[in-house]
Amino acid sequence: MQDVLKGMDTNALHLHSLIKELEGCFSGLAADVAKPLMDRFKAALGNAAEGTGYQGQLMQVKNAISQTTGSEGFMRETDHQQGARFLAIGGV
């Protein structure tokens, strides 16, 4: 899952750099037409630090995975509880 998230991060960074390149290509009337579209695209892509757009959603997914599977996550806690139950069975 971490590899998928890293790939999504890499993709978002690539899209940000692509936007900058495209903005540099347009001038005159083309720039006037392209700017609102680029602004909408940038807003949809968002910013992880601000928690906006695609990158904000991606950060929420990362946080949810970390809370579930991290070193102190729910899965570890459940695993320890279930392990204790099995140990209790052996002690009877």
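Figured I'd write up the structure that's included with this text. (Residues numbered from 1 in each chain as written. Predicted model: local features only at pLDDT ≥ 70, side-chain atom pairs only at ≥ 80, totals over all residues. Heavy atoms only, no water.)

1. Digging into the packing of helix H1 (residues 2-25) against helix H2 (residues 28-45)
A pair of packed helices can be characterised by two numbers: the angle between their axes and the separation between those axes. Note the cut-off: Every angle, taken between N-to-C directions, lies between 0 and 180 degrees, and every axis is a line fitted to C-alpha atoms, over only the stretch in contact when it is a helix. Helix and strand assignments follow DSSP, with helices taken as H or I runs no shorter than four residues and strands as E runs no shorter than two, numbered in order from the N terminus. Oblique is the label for any angle not covered by the other classes, which are roughly parallel (under 35 degrees), roughly antiparallel (over 145) and roughly perpendicular (65 to 115). In this scheme the handedness of a crossing depends on how the near helix is turned from the far one: anticlockwise by less than a right angle means left-handed, clockwise means right-handed. Contacts are assigned to residue pairs with any non-hydrogen atoms lying within 4.5 Å of each other. Under the scheme applied, nonpolar residues are Ala, Val, Leu, Ile, Met, Phe, Trp, Tyr, Cys and Pro; charged residues are Asp, Glu, Lys and Arg; polar residues are all the others, including Gly.
In contact at an axis separation of 11 Å, H1 and H2 are set at 165 degrees when each is read in the N-to-C sense. By the criterion of interaxial angle, the relationship of H1 to H2 is roughly antiparallel. Along this stretch, H1 crosses H2, giving a crossing that reads as left-handed. Contact residues: H1 offers Ala12, Leu15, His16, Ile19, Leu22 and Glu23, while H2 offers Met38, Phe41, Lys42 and Leu45. Here the residues of the contact of H1 with H2 sort into seven nonpolar, one polar and two charged.

2. Some thoughts on a nonpolar patch on the surface
We count it as follows: Patch definition: residues above 30% relative accessible area lacking any salt bridge, with like charges linked at up to 9 Å and the nonpolar side chains Val, Leu, Ile, Met, Phe, Trp and Tyr linked at up to 5 Å. Note on areas: these come from Shrake-Rupley sampling with a 1.4 Å probe, and a residue is covered only by the protein chains present in the view. Salt bridges are counted wherever a side-chain nitrogen of Lys or Arg sits within 4 Å of a carboxyl oxygen of Asp or Glu.
A contiguous nonpolar surface patch, about 220 Å² in accessible area, is contributed by Leu18, Leu22 and Phe26. Mapped onto the elements, Leu22 comes out in helix H1.

Keep in mind that these numbers describe shape and distance, not what the molecule does.
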